Amino acid sequence: MKYIYSVLILFISMNLLLQTGCVKDKFEVPDQNVPNAGLTANMTIAHLKSAYSGALDSIGETIPGDTILHPVIQGIISATDESGNIYKTLYIQDNTGGIQIAVDRTSLYTTFRIGQKILVKLSGLYLGNYGGVIQIGYIYGVAPDPASIGRIPNILIDQHIFRDGLPGTAPVPLERTVTSLSGNDMNMLVVLRKVHFAEVGSVFAEPQTTINRTILDSAGNQIILRNSGYANFRADLLPKGEGDIVGIFSAYNGTNQLYIRDLNDIQNWNSSITYPTNVINESFTTSLGSFTQYSVLGSQVWTFSNYGAKMSGYEAGGYYANEDWLISPSINFDNYTLETLSFISSMNYGVAGDGSLKVYTSTNYSGTGDPNLATWTEITPLTLSSGSWTDTPSGDIDLSGINGTNVHFAFKYSCTTTGVPTWEITTCKLIAKPI
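The rules behind these values
Residues numbered from 1 in each chain as written. Predicted model: local features only at pLDDT ≥ 70, side-chain atom pairs only at ≥ 80, totals over all residues. Heavy atoms only, no water. Pairing = 2+ DSSP bridges. Helix = DSSP H or I, 4+ residues; strand = E, 2+ residues; numbered from the N terminus. Contact = heavy atoms within 4.5 Å. Polar contact = N/O pair within 3.5 Å; in protein donor to acceptor, adjacent residues only side chain to side chain. Core = buried A, V, L, I, M, F, W, Y, C linked by side-chain atoms within 4.5 Å. Buried < 20%, exposed > 50% of the residue type's maximum accessible area, 1.4 Å probe, protein only. Phe/Tyr/Trp six-rings, centres within 6.5 Å; stacked < 30°, edge-to-face > 60°.

To continue, consider the sheet that holds strand 25 (residues 357–362). What the 5 strands build is an open sheet, ordered 18-23-29-25-26; its pairing is antiparallel. Whereas interior strands pair on both sides, the edge strands pair on one side only; in this sheet they are strand 18 (292–297) and strand 26 (377–378). In terms of strand pairing, strand 23 (residues 322–327) meets strand 29 (residues 408–415) through 6 bridges, oriented antiparallel. Residue pairing in the sheet places Asn322 in a bridge with Cys415 of strand 29.

Here it is as structure tokens:
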């Protein structure tokens, strides 16, 4: 019996050793595959951008006007498309500057992580600008259409863009202010400190629609925050207070703008600080926005135009009597203090001070139907255009004395068949400080 017991113990021990050996073999860590570009950079990003001629350049053995053979640049990836706020674009930078690379591929972040060093073989690509910002890409458009810069076709990407090593740390953002940003910072990662949003409480962007929001510093200097309607933070609300914002600095046709990579770029936020915000901000150049129009008299109505909201009793050679209102949405003034209204007016074919345009406020308009059924208070005195299409700022109109949860303001146009001016209203803002 003692012999059988010893044999059994030996059998179990050998079995355990065999199992341990199998487990060890099963979980051995494979060697890591570290990318190696096999290239050496021979120019900086700043050198590349300085060689750009201003027109679409096809890069061959050299960049047009330059002497470096088979040009190669290298950089660290500062932004990709992981959140959906950036689309088919890689942003890279070195210690001399930044540049964007337009590529016809999505889910770039799965291969090109932030902090990844890459080298770009430029021969066979194109250098151009989109909206005034230099970028690397490929030719877009053929004769007779003028060619422009476009995205590198997916099939060519891996022939020109090479990872080198494993992803490291992300580039450190350059500390800048709204007013100190310059062309040298273009396509670089920057940080703006102690700034705030104008449109507090609004979503970053509407579904499938790119929206511009406004970043302001304490002096009121501003820059656009460009937000994609496909970003995974689209439906989040712009926070009140102030803090730091990190993003890629860019521009479009001379207008500076910033792209955040995700909500982690909104940093060190202090929500206890409050600033005035744009409660209403309408240009009326593409629609009447949040305003509604109501025609009491006449078939002519308020419409939008390239110059703003437009109203006239003149149509097709005829002069018609009109009374037409352009009415703001309902605003809860009890949620704000320091309410201030401003707009720009322009008039022609009328007489200065003829009363054809007046501005009113109401605390009991229902929001629909004939505004004459409500009580309206005229804003006086009021600075308006004197004619000849002179754009005239109204100045800041103090509405802080108005209280109520249902406040509207409205532009009222009226004319007879003998005095028929045309009025345009744009840049209409109601600024207030949230309580």
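From this point, things continue past the structure.
Quick look at the environment of Asp217 now. Within the secondary structure, Asp217 is located in the loop between strand 12 (211–216) and strand 13 (222–227). When near neighbours in sequence (up to four residues on either side) are disregarded, Asp217 contacts Val178, Lys194, Val195 and His196. Polar contacts involving the side chain of Asp217 include one to the main-chain amide nitrogen of Gly220, which spans 3.0 Å. Polar side-chain contacts of Asp217 include one of 2.8 Å to the backbone nitrogen of Asn221.

Time to look at unusual backbone geometry. Apart from glycine, the bulk of residues carry a negative phi angle, and the bulk of peptide bonds sit in the trans form. Following Thr380, the chain continues into Pro381 via a peptide bond in cis, with omega recorded as -10°. The residue Pro381 is located in the loop between strand 26 and strand 27 (392–393) in this model. In this model, Ser388 sits at a positive phi of 60°, which is unusual for a non-glycine residue.

Let's shift gears to the pairing of strand 15 (residues 255–259). Relative to strand 15, strand 13 runs parallel, the two being bridged by 2 bridges. Within the sheet, the bridge partner assigned to Leu225 lies in strand 15 and is Leu258. Where strand 14 (residues 242–252) lies against strand 15, 5 bridges are found, and the strand directions are antiparallel. Pairing of Ile248 across the sheet is with Tyr259, part of strand 15.

Formed by 29 residues in total, the largest nonpolar core has its most connected members in Trp302, Leu341, Phe409 and Phe411. Listing elements by their share of this core, those giving two or more residues are strand 20 (308–312), strand 24 (336–348), strand 25, strand 29 and strand 30 (422–434). Setting aside anything within four residues of it in sequence, one finds Phe409 in contact with Ile280, Phe291, Leu326, Ile327, Ser328, Ile331, Leu341, Tyr360, Thr361, Trp376, Cys428 and Leu430. Grouped together as the second largest cluster of nonpolar side chains are 28 residues, Ile68, Leu90, Val120 and Ile136 included.

Turning our attention to the pairing of strand 4 (residues 97–102). Judged by how many residues are buried, strand 4 sits mostly within the fold: 6 of 6 residues are covered. Residues Gly97, Ile99 and Ile101 of strand 4 are buried on one face, and the alternating residues Gly98, Gln100 and Ala102, pointing to the opposite face, are buried as well. Looking at chain direction, strand 3 (residues 89–94) and strand 4 are connected through 6 bridges and run antiparallel. Note on strand 4: the bridge partner recorded for Thr89 is Ala102. Counted along the chain from strand 3 to the antiparallel partner strand 4, the turn is 2 residues long. Inspection of the sheet shows strand 4 paired to strand 7 (residues 133–140) by 2 bridges, in the parallel sense. Paired with Gln100 across the bridge in strand 7 is Gln135.

To continue, consider the packing of aromatic side chains. All chains considered together, the criterion is met by 14 aromatic pairs. Look at Tyr130 and Tyr252: their rings are 5.8 Å apart centre to centre, the planes differ by 45°, and that puts the pair in the tilted class. One end of the pair, Tyr130, is in strand 6 (residues 126–130); the other, Tyr252, is in strand 14, and 122 residues separate them in sequence. Exposure remark for Tyr252: the relative accessible area of 38% places this residue in the partly exposed category. When the ring of Phe343 is compared with that of Phe411, the centres are 5.0 Å apart and the planes differ by 90°; the resulting orientation is edge-to-face. Linking Phe343 in strand 24 with Phe411 in strand 29, this pair joins segments that are 68 residues apart in sequence. An aromatic cluster of three or more residues is present, and its members are Phe284, Phe291, Phe343, Phe409 and Phe411.

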